[in-house]
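# Coordinate analysis (summary)
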Amino acid sequence: LARAAFATQSVAQYRDARGTEIGVSSWQEVSQDRVEAFGVATDDRNYIHMSPEKAKAQPGLGGTIAHGLFTLSLIPSINYELSPMAKGAVMGLNYGFDKVRWIAPVPVGRRVRGRMVLANAEPKNGSLVITNDVTIEIEGQEVASGGKPALVARSLSHVRLTPEAFAEAEAAFAETPVAEGGS
């Protein structure tokens, strides 16, 4: 996946964009092969994910569904596609998730995409800590059309900054208080 069109963003731009939707990612197919590879990698071989015939016979399923953690694991690729690189970034690390909720199962064979809102960004210990609110939508059940999302989560990233960029971040954020609901 390609990095966001606005490739580099200053820390002041991050500060000013808090509460703004960053964008909507490309659709990603949730194929049986991908789900089975995830099941093998995580040793979660439950038939609702791995056996289309058995899952189809289960009332209410209609076929296999993606693992909830498979769907959650798509967030880093969505983040990579949508998030601009912070000016002075040395490296980025996934820091974790807050409040992950699985709302609707993702049927195998469907496509999903992510919507990302920059909830907060703040300098901390030489890094810019970025908090994004992510909604994973299922094609044909988009939230804007009244559908239920597959999941909602708050994703946190640490973007390690050069000492100069971190000093700039501290100065920029000293001018404005931390946004409501931030990290």
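Numbering of residues begins from 1 in every chain and follows the order in which that chain's sequence is written. Predicted model: local features are reported for residues with pLDDT of at least 70 only, side-chain atom pairs are reported and counted for 80 or more only, and whole-chain, interface and lining totals are derived from all residues. Calculation of side-chain values draws on the structure's entire complement of heavy atoms; hydrogens and water are dropped beforehand.

Below, the discussion takes up the environment of serine 51. A helix here means a DSSP run of H or I that spans at least four residues, while a strand means a run of E at least two residues long, and both kinds are numbered starting from the N terminus. With respect to the helices, strands and loops of the structure, serine 51 is situated in the loop between helix 3 (47-50) and helix 4 (52-57). When its relative accessible area of 22% is taken as the criterion, serine 51 is described as partly exposed. Serine 51 sits 15 residues away from glutamate 36 along the chain, and the two C-alpha atoms are 9.0 Å apart. When a residue's accessible area, from a 1.4 Å probe over protein chains only, is under 20% of the maximum for its type it is buried; when over 50% it is exposed; and in between it is partly exposed.

Taken across its twelve residues, strand 7 (residues 127-138) has eleven buried, putting it largely inside the fold. Note on pairing: DSSP must find at least two bridges between two strands before they are called paired. As paired elements, strand 6 (residues 111-124) and strand 7 share twelve bridges and run antiparallel to each other. Counted as the bridge partner of glutamate 122 is valine 129 from strand 7. Between strand 6 and strand 7, which pair antiparallel in sequence order, lie two residues; one of them, asparagine 125, sits at a positive phi of approximately 50°. Pairing analysis gives ten bridges linking strand 7 to strand 8 (residues 151-161), with the strands arranged antiparallel. When the sheet's bridge partners are listed, asparagine 132 is paired in strand 8 with serine 155.

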